[in-house]
Amino acid sequence: MVKFSKELEAQLIPEWKDAFVNYWQLKKHVKKIKISRKPKHVQDGNSALDFGRSIFDSIRSFTINFHKAADKPEVPQVKSIIKEGEDGSEQEEQEEMYETENELAQLFSEEDGVRIFFEMLDEELKKVNDFYKTKESEFLERGDILNKQLQILLDLKQVLSDRRRKIHGSRSGSGVFSRTNSLSGRNSDFSETASEYCDSPTGTETSQTEEVIAALEKNGINFVNSASTRAKTKIGKPKMAMRIDIPATTPTRTIAAVTSMLWEDLVNNPKKDGPREYINKKKIQCAEKMIRSAFVELYRGLGLLKTYSSLNMVAFVKILKKFDKVAKQQASANYLKQVKRSHFISSDKVVRLMDEVESLFTQHFANSDRKKAMKFLRPQQNKESHMVTFFVGLFTGCFVTLFSVYAILAHLSGMFSPRTEAGYVETVYPIFSMFALLSLHLFMYGCNLFLWKSTRINYNFIFEFQPRTALKYRDAFLIGTCLMTAVVGALVIHLILLSSGFSPSQVDAIPGILLLIFLALLICPLNIFYRPTRFYFLKVIRNIVCSPFYKVLMVDFFMADQLTSQIPLMRHLESSACYFLAGSLTTHGLPTCKSGRMYRELAYVISFAPYYWRAMQCARRWFDEADINHLANLGKYVSAMVAAGARLTYARTPDSQLWLAIVLVTSAIATVYQLYWDFVKDWGFFNLKSKNPLLRDELILKNKSIYYVSIALNLVLRVVWVETVMHFNVGLFESRLLDFSLASLEVIRRGHWNFYRLENEHLNNVGKFRAVKAVPLPFRETDSDG
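None of these values were measured; they are calculated from a predicted model. Along each chain, residues carry numbers from 1 onward, in the same order as the chain's sequence is written. Note on the predicted model: pLDDT of at least 70 is required for a residue's local features to be given, and 80 or more for side-chain atom pairs to be given and counted; whole-chain, interface and lining totals, by contrast, use all residues. To get the side-chain values, take all heavy atoms of the structure and skip hydrogens and water.

### Quick word on the pattern of salt bridges
A pair is scored as a salt bridge if a Lys or Arg side-chain nitrogen falls within 4 Å of a carboxyl oxygen belonging to Asp or Glu. Summed over all chains, the structure comprises 18 salt bridges. Ionic pairing is found between Lys126 and Asp130, a salt bridge with its closest N-O pair at 2.9 Å. On the criterion of helical spacing, the pair formed by Lys126 and Asp130 is a turn pair, its members being four residues apart in helix 5 (residues 112–167). Whether a residue is buried, partly exposed or exposed follows from its accessible area with a 1.4 Å probe, protein chains only, as a fraction of its type maximum: under 20%, in between, or over 50%, in that order. On the basis of relative accessible area, Lys126 is assigned to the partly exposed category, the value being 25%. Note on Asp130: relative accessible area 33%, which makes it partly exposed. Here Arg757 ties to Asp682 by a salt bridge, and the two come within 3.5 Å at their closest N and O atoms. Placement of the pair is Arg757 in helix 28 (residues 732–767) and Asp682 in helix 26 (residues 657–682), with a sequence separation of 75 residues. Neither residue differs from the other here; Arg757 and Asp682 are each classed as buried. Here the salt bridges do not stand alone but share partners, grouping Asp678, Arg718, Glu746 and Arg749 into one network. What counts as a helix is a DSSP run of H or I of at least four residues, what counts as a strand is a run of E of at least two, and both are numbered from the N terminus.

### Notes on the UniProt feature "transmembrane region" (unreviewed entry) in the chain
UniProt positions are given in the numbering used here, feature names are shortened, and annotations may be inferred rather than shown by experiment. When the UniProt feature table is mapped onto this chain numbering, "transmembrane region" (unreviewed entry) sits at residues 388–409, 429–452, 473–497, 509–530, 658–677 and 705–726. The span residues 509–530 carries 64% helix and 0% strand; its end-to-end C-alpha distance comes to 28 Å. Here residues 705–726 is 64% helix and 0% strand, with 33 Å between the C-alpha atoms at its ends.

### A few points about the packing of helix 20 (residues 554–564) against helix 28
What counts as an axis is a line fitted to C-alpha atoms, over the stretch in contact for a helix, and the angles between N-to-C directions run from 0 to 180 degrees. Contact geometry for helix 20 and helix 28: axes closest at 11 Å, N-to-C directions at 160 degrees. By the criterion of interaxial angle, the relationship of helix 20 to helix 28 is roughly antiparallel. Crossing geometry of helix 20 relative to helix 28 is assigned as right-handed. In this structure, helix 20 contributes Met554, Phe557, Phe558, Asp561, Gln562 and Thr564 to the contact, and helix 28 contributes Arg750, Trp753, Asn754, Arg757, Leu758 and Glu761. Per-class residue counts for the contact of helix 20 with helix 28 are five nonpolar, three polar and four charged. Should an angle lie under 35 degrees it is considered roughly parallel, over 145 roughly antiparallel, and from 65 to 115 roughly perpendicular; all remaining angles are considered oblique. The handedness criterion is simple: a crossing whose near helix is rotated anticlockwise from the far helix by less than a right angle is left-handed, and one whose near helix is rotated clockwise is right-handed. Throughout, a residue-residue contact means that at least one pair of heavy atoms, one from each residue, lies within 4.5 Å. Amino acids outside the nonpolar list (Ala, Val, Leu, Ile, Met, Phe, Trp, Tyr, Cys, Pro) and the charged list (Asp, Glu, Lys, Arg) are all regarded as polar, and Gly is one of them.

### Observations concerning a nonpolar patch on the surface
On the surface, a nonpolar cluster with roughly 370 Å² of combined accessible area is contributed by Met387, Phe390, Phe391 and Leu394. Tracing the sequence through the fold places Phe391 in helix 13 (residues 386–413). Residues with no salt bridge and a relative accessible area higher than 30% make up the patches, which join like charges within 9 Å and nonpolar side chains (Val, Leu, Ile, Met, Phe, Trp, Tyr) within 5 Å. Every accessible area reported is derived by Shrake-Rupley at a probe size of 1.4 Å, with residue values counting cover from the shown protein chains alone.

### Thoughts on the nonpolar core
Counting 69 residues, the largest nonpolar core has Trp16, Phe117, Leu121, Phe295 and Tyr308 as its most contacted members. Residue assignment for this core shows that the elements contributing at least two residues are helix 1 (4–11), helix 2 (23–36), helix 5, helix 8 (281–327), helix 9 (333–340), helix 11 (349–365) and helix 12 (370–377). Each of domain 1 (8–14 + 111–162 + 249–378) and domain 3 (546–785) gives at least three residues to this core. Once residues lying within four places of it in the same chain are set aside, the contact partners of Phe295 are Leu146, Asn147, Leu150, Val357, Leu360, Phe361, Phe365 and Leu377. Here, nonpolar core refers to any group of buried Ala, Val, Leu, Ile, Met, Phe, Trp, Tyr and Cys residues whose side-chain atoms link them within 4.5 Å. Counting 66 residues, the second-largest nonpolar core is a separate cluster that includes Ala410, Phe465, Ala560 and Trp683. Segment limits for the domains were obtained from an automatic or database-derived domain assignment.

Written as structure tokens, this is what we have:
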């Protein structure tokens, strides 16, 4: 049977951990009471025994009339004193204070451990109640706002639909919306043509705009945007410009927002009417998606709060049962009655709001199909299959076997002898080392997923993954082992055919065919081999490449950081593409590519690109959030870009002392910058006021020495660039092997960095009790002055 402490630790909400009952501390105190409790000996034996038992019968936090019988001593009690708020109310604004009666305080002086235990219990009960009230009020307020947003959307659609029927004959194909009470499914397929109603301040369009505004102002909402202005009617009264505030998360929206701002600055003047806002299909669809997502997050938050209430109730029951066992009495019943009357148990507002959200979501976003609505509100996670574990083991065994066969065949055939070394290494090495680095990165990511899960880091929430389709650590291991098994198998086939006398022009096509197969699988539209993950990966890569036009999410800049550690992989991809396009694999003209000017210039572009993308993401985040730290982070990637360019130039002119000095200076500056950011900003270490020397106050791993080892390891792996200025006198194969080893160490360093980066992010969420995503809403309320 699993102990409740383990069960509680497994089920509690990680972001709200500090707000739960400190069951473990209470349990330790009960053990102390058990150890310290000794029988008391006084002259009146029977009376002393009854008096000792009466200590454990005393229950805190509510009032009971205690009686005194002839054959029993008086049983002292603790009462709950309800203090009124400043407004005199005793209902929602009341603060519950649990105080001990003087008589009980005197009696508890005989048993200090019991008194302290009940004081701790009262503090925990008050903490749980206060947190529950705070979160309940937040969700209720959010629910009211969402109801208003939904009503605005329905009213807007209804008014425009009614207007369309009136002017349908004269404005056919104008693109207004069909009349409906539902916002999703078939009924949400709006007209393909965008509608524009505010073309002119007079006539039909003006009448329609005023009608829409009149219908919506019933809700007390005015639509504005960053570029919103007011037009004036003929009588001089200000007229609200209708706006839907859609975040600029894509290049189209970003360019549209900037264009709107420029248009207002250039065209608008006090003598003319301000620019009109056009309500079109795209804006309504975006508003609908935002409101739908907000309802889903609200429902999820309410579910978490309901879980919080039930787990805390069970915790109180369990700890009082343990106390009864120590006291050898049934003393918890009265206290549990008080707990059940507490707000976090007695309040039914969360349950009622959940029912209301279910009803609204089913009606307006699921075409009254409850089963469909529940797929959004309560997404089911896919069960982990033992087949995945089986195939991970199978492919791992195949990889080890094939690699052993390859090593034996390479040794017997003398493939790495000086006679055949150059051609084989230059043609085969780029592609296969690229796959090896990718597989290593997948393996490190699988290790990260395993450690995040083991330490209760909610990476799905941080990255905003869908729990149903999110990649699990077994899946990451399966992809990596499958990839490496295929690569090593192709290596063995390539080596066997080459040793059997086949033409190199035919055999050397095998690496290219393997590359094309994996690229085709990556973009394959069929629902096979983790299609949601593949498409999500492509979407993130698109967001990174198009920086800064896309809004930067956590997963975007996290993935961009991974790319900065995979520059060797992209260089190998460049080499492979060059060999195929230039025909080098068939002619073995090895200098053909590397002697070209375009190839050399493209090497700079590839070395700069990941740092450039990351810098542009920092610029976009500074623009969105106005946080100066993002500009400082941008400087880190600029310094890394300069250092990478200097090292690449020095590699081509190794005898230049000037470039050697430039490499040393730029690389040293970039390394110090990166180390500072790793330790202080990303990991949150080197806090001089921390209770853990040079670390954070809150640590997830219990063994603190691991953190110090990680600091030293990250420091060592950050200075591997020193190898670029040291000219080792080794052969071609040894040189390639050394380059691959250094690239692998960088991938390992990145995987090592990933864990602590997300640990720090998780602790920040815990510190702010953020367990649900804050979804922006499309309709923003403003004052009467705009």
